[in-house]
Amino acid sequence: MIYDDVAPTRDEVDVLFFMVGDVLYGTDASQVLRIERSLPDDLKVPELGALRHGNRALVFDAPEGEGHLKVDAIRGVRPVPIRDLRRLPLVAGAATYTVGVFLDQERPVMLIDLLETLNAQGRH
């Protein structure tokens, strides 16, 4: 991924791409305050997959301070056209933190809401 330091247009959203195990995920980059080394008590979401190392954490605002989601790697940030994002239908039975999918060429990328990852794990 290439970091594009040009602000997205109104028709785009900046997506931060990250890995959990061998799976690529994305989230709205505006949710991420910073990236840090992970700590033992940082949030792990088993449904996202098994962490290989979990050495990084995405830090985001939460009602009781900051949330920290363990991830394996950061793959970059880039603007994505809103027209290329798809919401998941209710019949998909996806977790509450999954907000949609982005088809990156031939590779589907699940988009998640970081705050909802805390709520889904009962850590709100």
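Our structure's up above, just so we're on the same page.
Residues numbered from 1 in each chain as written. Predicted model: local features only at pLDDT ≥ 70, side-chain atom pairs only at ≥ 80, totals over all residues. Heavy atoms only, no water.

A.B. asks: How would you summarise the pattern of salt bridges if you had to cite specific residues and measurements?
C.D. replies: Enumeration over the complete set of coordinates arrives at 4 salt bridges. Residues R52 and D22 are paired through a salt bridge, measuring 2.3 Å at the closest nitrogen-oxygen approach. Placement of R52 in the loop between β3 (32-37) and β4 (56-62) and of D22 in the loop between β1 (12-20) and β2 (23-28) is noted, with a sequence separation of 30 residues between them. Measuring nitrogen to oxygen at the nearest pair gives 2.6 Å for the salt bridge that ties R34 to E36. Classification of E36 as partly exposed rests on a relative accessible area of 26%. (Salt bridge = Lys/Arg side-chain N within 4 Å of Asp/Glu carboxyl O. Helix = DSSP H or I, 4+ residues; strand = E, 2+ residues; numbered from the N terminus. Buried < 20%, exposed > 50% of the residue type's maximum accessible area, 1.4 Å probe, protein only.)

A.B. asks: Quick rundown of the layout of surface pockets? Include the residues and the values.
C.D. replies: Roughly 320 Å³ of internal volume is contained in the largest pocket. In terms of lining, the largest pocket is formed by 14 residues, of which the most central are V13, D28, L85, V99 and L111. Elements represented by at least two residues in the lining of the largest pocket include exactly β1, β2, β7 (85-86), β8 (98-104) and β9 (107-112). Here the lining of the largest pocket is composed, by residue class, of 7 nonpolar, 3 polar and 4 charged. (1 Å grid on protein atoms, 1.4 Å probe; cavity = no way out; pocket = protein on both sides within 12 Å on 5 of 7 lines; lining within 4 Å. Points joined across faces, edges and corners; volume = space filled by probe spheres on them. Nonpolar A, V, L, I, M, F, W, Y, C, P; charged D, E, K, R; others polar.)

A.B. asks: Which residues make up the pairing of β1, and what values go with them?
C.D. replies: The two faces of the sheet receive side chains in turn, since in a regular strand these alternate between them. Counting buried positions along β1 gives 7 out of 9 residues, so the element sits mostly inside the fold. Here 8 bridges tie β1 to strand β6 (residues 73-81), and the two strands are oriented antiparallel to one another. Within the sheet, the bridge partner assigned to V13 lies in β6 and is V80. When β1 meets β2, the two strands line up antiparallel, connected through 6 bridges. Pairing of F18 across the sheet is with Y25, part of β2. What sits between β1 and β2 in their antiparallel hairpin is a turn of 2 residues, with G21 showing a positive phi close to 65 degrees. (Pairing = 2+ DSSP bridges.)

A.B. asks: Can you tell me about the sheet that holds β1, naming the residues and giving the values?
C.D. replies: Pairing is mixed across the open sheet formed by 6 strands, whose spatial order is β6-β1-β2-β9-β8-β7. The sheet is open, and its two edges are formed by β6 and β7, each paired on a single side. Where β2 meets β9, 2 bridges bridge the pair, whose relative direction is parallel. Bridge assignment links G26 to a residue of β9, and that residue is L111.

A.B. asks: Could you give an account of the nonpolar core, with specific residues and numbers?
C.D. replies: Taken as a class, soluble globular proteins show a tendency for nonpolar side chains to be buried jointly. Judged by nonpolar contacts, the single largest core of 19 residues is most densely connected at L16, F18, L48, L69, I112 and L114. In this view, L69 contacts L43, V45, L48, R56, A57, L58, F60, I112 and L114; residues no more than four positions away in its chain are not counted. In terms of nonpolar packing, the next biggest core, distinct from the first, is built from 10 residues, V15, A73, V80 and V109 among them. (Core = buried A, V, L, I, M, F, W, Y, C linked by side-chain atoms within 4.5 Å. Contact = heavy atoms within 4.5 Å.)

Any functional reading would require information that these geometric values do not contain.
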